[in-house]
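Residue-level structure breakdown
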Amino acid sequence: MIFPPRLPIPEVVRDIAQRLEDAGFETWCVGGAVRDNLLGYANGDFDLATAATPQEIQRCFRRTIPLGVEHGTVGVLDRNNRPHEVTTFRRDVKTDGRRAVVEFGASLDDDLARRDFTINAIAYHALQHKWRDPLDGASDLDAKLIRSVGEPDQRFREDYLRILRALRFAARFEFTIEQRTLNAARRNVDGIKLLSAERVRDEWFKGLTTAAQAAAFVRSWQEIGATEIWLPELAGVTEQDVAQLDRLPKRDPVLMTSFLSEDAQATLRRLRCSNAEVDRGARFTTFRDVRPNPESDVDVRRWLAKVGAAADDLVAISMLREPEAGLSATVERVRRSGVPLTLGDLAVDGDDLLALGLSKGPIIGKVLEELLEEVLEDPARNERAGLLEYARRRVETEPSRRDSGPAA
Ligand code: ATP
Ligand code: MG
């Protein structure tokens with residue numbers, strides 16, 4: 001690759017570099033944005049690497065936020081309060097497979113040498129328009145290769161996340177993982193057990209979202225043995241389902257994971273997803289094979305009430321399986337009509353039932369569910385008087401006050 005004479009560096013990034021250089025600190029653009037621009041993908045999110053220490057960076061700018069000062073990273077805030085990452089040149093002094101202790105006082109070349117892959121280790125000087133590529137990342141960009149900087153076994157043992165990063169970049173750019181790098185990734189894959197669930201989730205989700213072919217990304221995790229370790233509920237997934245991933249209407253990693261997993265709740269919980277996402281996955285697995293009759297609004301309303309947060313996910317996979325059935329259209333129409341679908345949509349609430357003399361406790365929820373049943377069957381029934389009347393009749397049949405617990 002012949003480097004282009006100039007990269008389109010956003011003015012604010014150049015201004016930050018200029019300020020540091022004026023103060024006597026060598027400063028370069030590095031990382032993913034340099035790589036992406038060389039590949040022809042727009043990316044203005046340039047990280048800067050500098051000889052200034054974090055304290056010196058903070059002294060050069062009025063408004064900064066610490067983004068990991070012990071690792072040398074300071075966020076310099078621009079006019080719109082957007083942080084731009086500025087990191088001190090550093091060298092690893094200690095690693096344990098998950099994180100590194102770094103020291104400052106390093107050179108640009110030291111800093112590039114601690115980066116993961118050669119294509120991520122190219123630097124560009126935003127003011128002098130010079131290039132620095134001591135690891136020959138340019139050749140690997142040409143050859144479409146993901147190659148470890150230095151000795152791959154050692155580099156993966158320093159930080160096992162690099163194994164997953166290699167898979168992500170390979171799938172995103174449709175690059176090949178260079179043979180020695182791939183062999184070392186295979187040999188060391190057990191090390192990913194040490195990683196935190198959050199870092200693994202970020203890699204898995206980012207990979208699913210950014211891969212040129214999501215299916216190829218998933219296969220690469222399967223092939224190397226990463227799914228077996230972190231996503232065992234994917235063991236039984238068929239190649240046909242993997243191939244379907246790229247036909248989904250959108251790249252939603254929670255949906256994609258649920259779709260591949262035979263127990264989405266377990267998978268999403270292991271990845272420490274939010275409770276809302278875990279619940280969504282749980283409902284997905286429970287209801288993935290329950291199909292309402294798309295011709296029947298009542299059926300679709302009951303189904304929507306039951307599947308809750310997984311509704312959009314289930315509609316999305318119904319579009320893969322039976323696009324002609326038209327579930328999506330019915331769901332959209334039912335929702336647009338604004339008919340009640342949840343307890344919260346009812347014209348009465350728990351307090352109304354208490355006021356009627358129903359005792360506190362599970363009976364309240366039970367009666368509300370019954371009211372919802374009525375209303376799902378016929379949305380016109382969602383008016384106060386009628387629902388209260390129904391509830392009043394229910395009070396009369398309530399067996400004494402057993403549900404209310406010991407009297408105060
Ligand atoms: P993207 O942001 O598109 O995912 P990126 O290459 O910018 O890709 P970042 O995680 O933003 O990835 O990291 C910025 C740069 O920091 C990388 O290009 C690489 O040079 C370096 N880097 C990031 N993570 C590691 C790591 N685990 N080991 C070594 N170097 C790393
Ligand atoms: Mg980045």
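Above this text sits the structure in question.
What this report covers is the structure whose coordinates are included nearby. Note that the structure is a prediction, hence the values are computed from the model and not measured. (Residues numbered from 1 in each chain as written. Chains lettered and ligands numbered in written order. Predicted model: local features only at pLDDT ≥ 70, side-chain atom pairs only at ≥ 80, totals over all residues. Heavy atoms only, no water.)

A separate point is the overall build of the chain. In terms of regular secondary structure, the chain is built from 21 helices and 11 strands. Taken over the C-alpha trace, the chain has a radius of gyration of 28 Å; the compact-globule value for 408 residues is 22 Å, which it surpasses by more than 25%. For the chain, the C-alpha atoms occupy an extent of roughly 85 × 50 × 40 Å along the three principal directions. Taken across its 408 residues, the chain has 47% of its residues classed as buried. Here the analysis covers contacts within the chain between residues at least 6 apart in sequence; of these, 64% occur between residues at least 24 apart. With 60 positive and 68 negative side-chain charges, the chain shows a spacing of 2 Å between the two charge centroids. (Helix = DSSP H or I, 4+ residues; strand = E, 2+ residues; numbered from the N terminus. Rg over C-alpha atoms; globule rule 2.2 N^0.38 Å. Buried < 20%, exposed > 50% of the residue type's maximum accessible area, 1.4 Å probe, protein only. Contact = heavy atoms within 4.5 Å. Lys, Arg positive; Asp, Glu negative; His and termini not counted. Charge placed at Lys NZ, Arg CZ, Asp CG, Glu CD.)

Let's shift gears to the site of ligand 1. Near ligand 1 you find 15 residues, and of these Arg35, Asn120, Asp159, Arg162 and Arg168 are the closest. Interatomic distance of 2.7 Å between a side-chain N/O atom of arginine 162 and a nitrogen atom of ligand 1. Burial of ligand 1 by the protein chains amounts to 75% of its free accessible area of 580 Å². The pocket occupied by ligand 1, as judged from atoms lying within 2 Å of grid points, is the largest pocket. (Near = heavy atom within 4 Å. Polar contact = N/O pair within 3.5 Å; in protein donor to acceptor, adjacent residues only side chain to side chain. Areas by Shrake-Rupley, 256 points an atom, 1.4 Å probe, with all protein chains shown as cover. 1 Å grid on protein atoms, 1.4 Å probe; cavity = no way out; pocket = protein on both sides within 12 Å on 5 of 7 lines; lining within 4 Å. Sits in = over half its atoms within 2 Å of the grid points.)

Scanning the model with the defined rule gives nine aromatic pairs in all. An angle of 50 degrees between the planes, with centres 4.7 Å apart, marks the rings of tyrosine 124 and tryptophan 131 as tilted. Across the pair, tryptophan 131 and tyrosine 124 agree in class, each one buried. Ring centres of tryptophan 204 and phenylalanine 217 lie 5.7 Å apart, and the angle between their planes is 35 degrees; on these two criteria the pair is classed as tilted. Highlighted residues: tryptophan 204 in helix H9 (residues 197–210) and phenylalanine 217 in helix H10 (residues 214–224), separated in sequence by 13 residues. Residue classification places tryptophan 204 among the buried positions, given a relative accessible area of 0%. Grouping aromatic residues by their ring pairs yields a cluster made of Tyr41, Phe117, Phe169, Phe173 and Phe175. Taking the ring centre of phenylalanine 169 as reference, the NZ or CZ of arginine 168 above it sits at 4.7 Å. (Phe/Tyr/Trp six-rings, centres within 6.5 Å; stacked < 30°, edge-to-face > 60°. Lys NZ or Arg CZ within 6 Å of the ring centre and 35° of its normal.)

Let us now look at helix H1 (residues 11–22). The terminal C-alpha atoms of H1, which comprises 12 residues, lie 16 Å apart, in line with the 16 Å expected from a rise of 1.5 Å per residue. Val13, Ile16, Ala17 and Leu20 are the residues of H1 that are buried. Seen along its axis, H1 keeps its buried residues to an arc of 95 degrees; they face one direction. Exposed residues lying more than 90 degrees from the buried face of H1 are Glu11 and Asp22. Those residues of H1 hidden inside the fold are in contact with strand E1 (27–30), strand E2 (47–50), helix H3 (54–60), strand E4 (73–77) and strand E5 (83–88). (Expected span 1.5 Å × (residues − 1). Arc of directions from axis to C-beta.)

What follows covers empty space enclosed by the protein. A complete count under the given rule lists one cavity of 30 Å³ or more for this structure. Its volume calculated, the largest cavity comes out at about 80 Å³. Considering the residues around the largest cavity, the lining is formed by Phe287, Arg288, Val290, Arg291, Pro292, Trp303, Leu314, Ile317, Ser318, Arg321, Glu322 and Leu327. The dominant element in the lining of the largest cavity, judged by the number of residues it contributes, is helix H17 (residues 311–321), at four residues. (Points joined across faces, edges and corners; volume = space filled by probe spheres on them.)

The end-to-end C-alpha separation of helix H15 (residues 275–287) is 18 Å, in line with the 18 Å expected for 13 residues at 1.5 Å each. All buried positions along H15 are accounted for by Val278, Arg280, Gly281, Ala282, Phe284 and Phe287. Contacts from the buried residues of H15 go to helix H13 (253–260), helix H14 (264–270), helix H16 (297–307) and H17.

In this structure the tally under the stated criterion is 41 salt bridges. Salt-bridge contacts for arginine 132 lead to aspartate 109; the nearest nitrogen and oxygen are separated by 2.5 Å. Placement of arginine 132 in strand E9 (residues 131–132) and of aspartate 109 in helix H4 (residues 108–113) is noted, with a sequence separation of 23 residues between them. Its relative accessible area of 29% is what places aspartate 109 among the partly exposed residues. Ionic pairing is found between aspartate 352 and arginine 384, a salt bridge with its closest N-O pair at 3.1 Å. In this pair, aspartate 352 sits in helix H19 (residues 350–355) while arginine 384 sits in helix H21 (residues 384–397), placing the two residues 32 residues apart along the sequence. Owing to a relative accessible area of 15%, aspartate 352 belongs among the buried residues under this scheme. What emerges from the salt-bridge pattern is a single network uniting Arg302, Glu373, Glu374, Glu377 and Arg381. (Salt bridge = Lys/Arg side-chain N within 4 Å of Asp/Glu carboxyl O.)

Scanning the model with the defined rule gives zero disulfides in all. Cysteine 29 takes part in no disulfide bond, and the closest cysteine sulfur to it belongs to cysteine 60, at a distance of 16 Å. (Disulfide = S-S within 2.5 Å.)

What the largest pocket holds in volume is close to 1,300 Å³. Around the largest pocket, the lining comprises 39 residues; the ones closest to its centre are Glu85, Arg90, Arg114, Arg115 and Arg165. Among the elements of the structure, helix H2 (32–38), E2, E5, helix H7 (161–173) and H9 are those that each provide at least two residues to the lining of the largest pocket. Here the lining of the largest pocket takes six residues from H7, the largest share from any one element. Its residues placed into classes, the lining of the largest pocket shows eight nonpolar, 10 polar and 21 charged. (Nonpolar A, V, L, I, M, F, W, Y, C, P; charged D, E, K, R; others polar.)

Here we take up the environment of aspartate 345. Mapped onto the elements of the fold, aspartate 345 is located in the loop between helix H18 (327–336) and H19. On the basis of relative accessible area, aspartate 345 is assigned to the partly exposed category, the value being 36%. Along the primary structure aspartate 345 and valine 375 are separated by 30 residues, whereas in three dimensions their C-alpha atoms are 9.8 Å apart. Excluding residues that lie within four positions of it along the chain, aspartate 345 makes contacts with Val339, Pro340 and Asn382. Here the side chain of aspartate 345 touches leucine 341 through a polar contact of 2.8 Å, landing on its backbone nitrogen.

Honestly, that's just the spatial picture; any functional story needs more than this.
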